[in-house]
Amino acid sequence: MMGPSHALSGAAVWLSGSWALQQFYDYEQSPLALAVGTAVCAGGALLPDLDLSGKVTRNKGGATVARTFGVFSLFIAEVVEKVSLGVYYATKLSRDPKRNNGHRTLTHTIPFTVLVGWGTTTLCARFGKWAVIGILFFMIGLALRGLFDKWAERAGWLIVTLISAGAAVVTAANLPGDRGYPLIGLAVGVGSFVHIIGDMITRAGVPILWPIPIKRRMWTPISLPDKIAMRAGGRTEMAIVRPALTVISILASVGLFAPSLLDKFNIDG
Ligand SMILES: [Zn+2]
């Protein structure tokens, strides 16, 4: 899957999940909490590809998401890729092949999704609003880059960075304080997980079973068989999957907001 589809799938999953919680478990969220969760989950659905490094000094290459904050995020991607490669070699078994980069290894595993979710929750609980501002800044930037890719490309990373920072400060100021922010961590974790699934259905092998050894391999790539898998960026993704994810997001939003709007105007009596 391409970046925008990943981001869109994160948003669609968060919105439809929130709708289901409201519908079947009476779990209500404020519009702000919903918007934050959706943006963070969309950003989280791009997070695993921060392991695709480019040429930091020349400000080139890397995944789209790695260029969100210019050379700064390219540098982060470089570090993430090297750490992932280190973990690959530290845990590889005899039948795992040699690699020279860490793309689609550590950040595309279930322990990683749990780790970023738990890490985010811990940071928010420990450092409160300051952590929330930092995390929102980062995740909103990724979400903007993914959801509005053409605009972000034209606007450039500085504008994206400034808007993300502004949105993070305003949002954090309006979120209720001192309650912990478990939903932010959950959104990061769910987003990352949605990314891995997205890669798996587009023929990209993902070591989702790591660290379970199978036939002397620790990093067995798992993907759908070629026959039924989609081609990343192919016609199915562009003409069917993206529109479908958009419709799901819109329907879920309508389902979430319509009842309270109807209430406001007292339409049913
Ligand atoms: Zn990926």
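Definitions and cut-offs
- Residues numbered from 1 in each chain as written.
- Predicted model: local features only at pLDDT ≥ 70, side-chain atom pairs only at ≥ 80, totals over all residues.
- Heavy atoms only, no water.
- Salt bridge = Lys/Arg side-chain N within 4 Å of Asp/Glu carboxyl O.
- Helix = DSSP H or I, 4+ residues; strand = E, 2+ residues; numbered from the N terminus.
- Buried < 20%, exposed > 50% of the residue type's maximum accessible area, 1.4 Å probe, protein only.
- Donors = N, O, S within 2.8 Å, 3.2 Å for Na, K, Ca; no water.
- Tetrahedral: all angles 85-135°; square planar, octahedral: opposite > 155°, others 65-115°.
- UniProt positions renumbered as here; feature names shortened; annotations may be inferred.
- Disulfide = S-S within 2.5 Å.
- Core = buried A, V, L, I, M, F, W, Y, C linked by side-chain atoms within 4.5 Å.
- Expected span 1.5 Å × (residues − 1).
- Contact = heavy atoms within 4.5 Å.

Q: Can you lay out the pattern of salt bridges for me, pointing to particular residues and giving the numbers?
A: Tallied over the entire structure, the rule returns 6 salt bridges. Salt-bridge contacts for K82 lead to E78; the nearest nitrogen and oxygen are separated by 3.2 Å. Of the two residues, K82 and E78 both sit in helix α3 (residues 70-91), 4 residues apart, roughly one turn of that helix. Assessed through its relative accessible area of 43%, K82 is described here as partly exposed. The salt bridge involving R145 is made with E153; its shortest N-O contact spans 3.1 Å. Linked by salt bridges that have partners in common, E78, E81 and K82 make up one network.

Q: Can you tell me about the coordination of the zinc ion, naming the residues and giving the values?
A: Only D49 (OD), H108 (NE2), H195 (NE2) and D199 (OD) from the protein reach the zinc ion as donors, at distances of 2.0 to 2.3 Å. Every donor counted, the 4 donor atoms about the zinc ion form angles of 89 to 170 degrees at the centre, which fits irregular coordination.

Q: Can you tell me about the UniProt feature "transmembrane region" (unreviewed entry) in the chain, naming the residues and giving the values?
A: The sites that carry the UniProt feature "transmembrane region" (unreviewed entry) are, in the present numbering, residues 127-148, 155-175, 181-210 and 240-262. Span residues 127-148 is 91% helix and 0% strand, its end C-alpha atoms 31 Å apart. As annotated, residues 155-175 comprises 90% helix and 0% strand, and the C-alpha atoms at either end are separated by 28 Å.

Q: So what's going on with the state of the cysteines? Residues and values would help.
A: According to the stated counting rule, one finds 0 disulfides in the structure shown. Cysteine C41 remains unbridged, with the sulfur of C124 as its closest cysteine sulfur at 15 Å. Since its relative accessible area comes to 0%, C41 is described here as buried.

Q: So what's going on with the nonpolar core? Residues and values would help.
A: Residues V40, V132 and L142 are the most contacted members of the largest nonpolar core, which totals 38 residues. If you tally residues by element for this core, the top one is helix α5 (residues 129-147), at 10 residues. Ranked by size, the runner-up nonpolar core spans 6 residues in total, among them M1, L8, A12 and V241.

Q: Requested: an account of helix α2 (residues 31-44), with residues and values cited.
A: Compared with an ideal rise of 1.5 Å per residue, which puts 14 residues at 20 Å, α2 spans 20 Å between its outermost C-alpha atoms and is within 8% of the ideal. Inspection of α2 places L34, V36, G37, T38, V40, C41, A42, G43 and G44 among the buried residues, and these make up the whole buried set. Looking at the packing, one finds that the buried side of α2 touches α1 (3-25), α5, α7 (157-174), α8 (182-200) and α9 (235-264).

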